[in-house]
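Here is how the chains run, residue by residue.
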Amino acid sequence: MRHGRDGDQVGQVLIAHWLAGCERIAIVDEASISEARELVRTRSAALGLSTLASEKLVAAVSELAHNQLAHAVRGELGVRATERAGVAGLEIVATNRGKGIVDPAEALRGAPRPQAAGIGLSAAVRQVDELDFDIRLGAGSCITVRCFVSPVRRSEVGILARAHPDETTIGDTAITLRTGGRLTLGVV
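Treat the numbers as computed from the prediction; the structure is a model and nothing was measured. (Residues numbered from 1 in each chain as written. Predicted model: local features only at pLDDT ≥ 70, side-chain atom pairs only at ≥ 80, totals over all residues. Heavy atoms only, no water.)

## Some remarks on the pairing of strand β7 (residues 174–179)
Right, on to step 1. One ladder, built from six bridges, connects β7 with strand β8 (residues 182–187); its direction is antiparallel. Directly across from Ile-175, in β8, lies its bridge partner Gly-186. (Pairing = 2+ DSSP bridges. Helix = DSSP H or I, 4+ residues; strand = E, 2+ residues; numbered from the N terminus.)

## Here's the deal with the side chain of Ser-32
Right, on to step 1. Among the structural elements, Ser-32 can be located in helix α2 (residues 30–47).
Right, on to step 2. Taking relative accessible area as the criterion, Ser-32 reaches 5% and is therefore assigned buried.
Right, on to step 3. In terms of polar contacts, Ser-32 uses its side chain to reach the backbone amide nitrogen of Val-28, at 2.9 Å.
Right, on to step 4. In this structure Ser-32 touches Ile-25, Ala-26 and Ile-27, once residues within four positions along its chain are discounted. (Buried < 20%, exposed > 50% of the residue type's maximum accessible area, 1.4 Å probe, protein only. Polar contact = N/O pair within 3.5 Å; in protein donor to acceptor, adjacent residues only side chain to side chain. Contact = heavy atoms within 4.5 Å.)

## Section: the packing of helix α3 (residues 51–71) against helix α5 (residues 120–127)
Right, on to step 1. Closest axis-to-axis distance for the α3/α5 pair is 8 Å, and the angle between their directions is 160 degrees. Judged on the interaxial angle alone, α5 and α3 are roughly antiparallel. Of the two elements, α3 crosses α5, and the hand of that crossing is left-handed. Across the interface between the two elements, Lys-56, Ala-59, Ala-60, Glu-63, Leu-64 and Asn-67 from α3 touch Gly-120, Leu-121, Ala-123, Ala-124 and Gln-127 from α5.
Right, on to step 2. In terms of residue class, the contact of α3 with α5 is built from six nonpolar, three polar and two charged. (Axes fitted to C-alpha atoms, helices over the stretch in contact; angles between N-to-C directions. Parallel < 35°, antiparallel > 145°, perpendicular 65-115°, else oblique. Left-handed = near helix turned anticlockwise from the far one by under 90°. Nonpolar A, V, L, I, M, F, W, Y, C, P; charged D, E, K, R; others polar.)

## Remarks on the side chain of Gln-68
Right, on to step 1. In this structure, Gln-68 sits in helix α3.
Right, on to step 2. Side-chain polar atoms of Gln-68 contact the backbone oxygen of Thr-95, separated by 2.7 Å.
Right, on to step 3. Here Gln-68 is in contact with Ile-27, Gly-75, Glu-76, Leu-77, Ala-94 and Thr-95, once residues within four sequence places are set aside.

## Considering the sheet that holds strand β3 (residues 87–96)
Right, on to step 1. Pairing within the open sheet is mixed, and its six strands lie in the order β1-β2-β3-β5-β4-β6. Edge strands, defined here as strands with exactly one partner in the open sheet, are β1 (23–26) and β6 (158–161). When strand polarity is set aside, the average angle formed by the axes of neighbouring strands in this sheet is 20 degrees.
Right, on to step 2. Where strand β4 (residues 130–136) lies against strand β5 (residues 140–148), seven bridges are found, and the strand directions are antiparallel. Note that in β5 the partner of Glu-130 across the bridge is Arg-146.

In structure tokens:
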């Protein structure tokens, strides 16, 4: 993967993959965040999520979307039903074509500092059953959160791809695929 124009092309491909099967909302202002929260409430009720689980997911969506407004380039949220071992759930996918979260561990801890992600990601992870991230520095980022109708075994994945300091191209890639109760990881 490359930075610059090539990184943007890679970002477009990644975002299409990450948002496949989602109802999509471009996050461009506060109104689009409100639209995303209402979509989550509607889809949560249809799946049978409890009011508490639904509102926790709405809070996570609000954090992720506000992060997109503050730090991302062309942020977009996707909403889709999911399932794990026969248990229904709702999955929220937050993508963007920004430079990426350089230190995801710090962002998950919520240590606010100038020019950093602040506490949004750490607040989101506390609200949901699972959080995955896929960050391709210079090409795009994806944070996926899930809540389920009843408890499931937590299964989370983190991918961080970056070029070697002496290179402009990311030479490695990874992909995850969730089908039913299975998680498949591929690394090249």
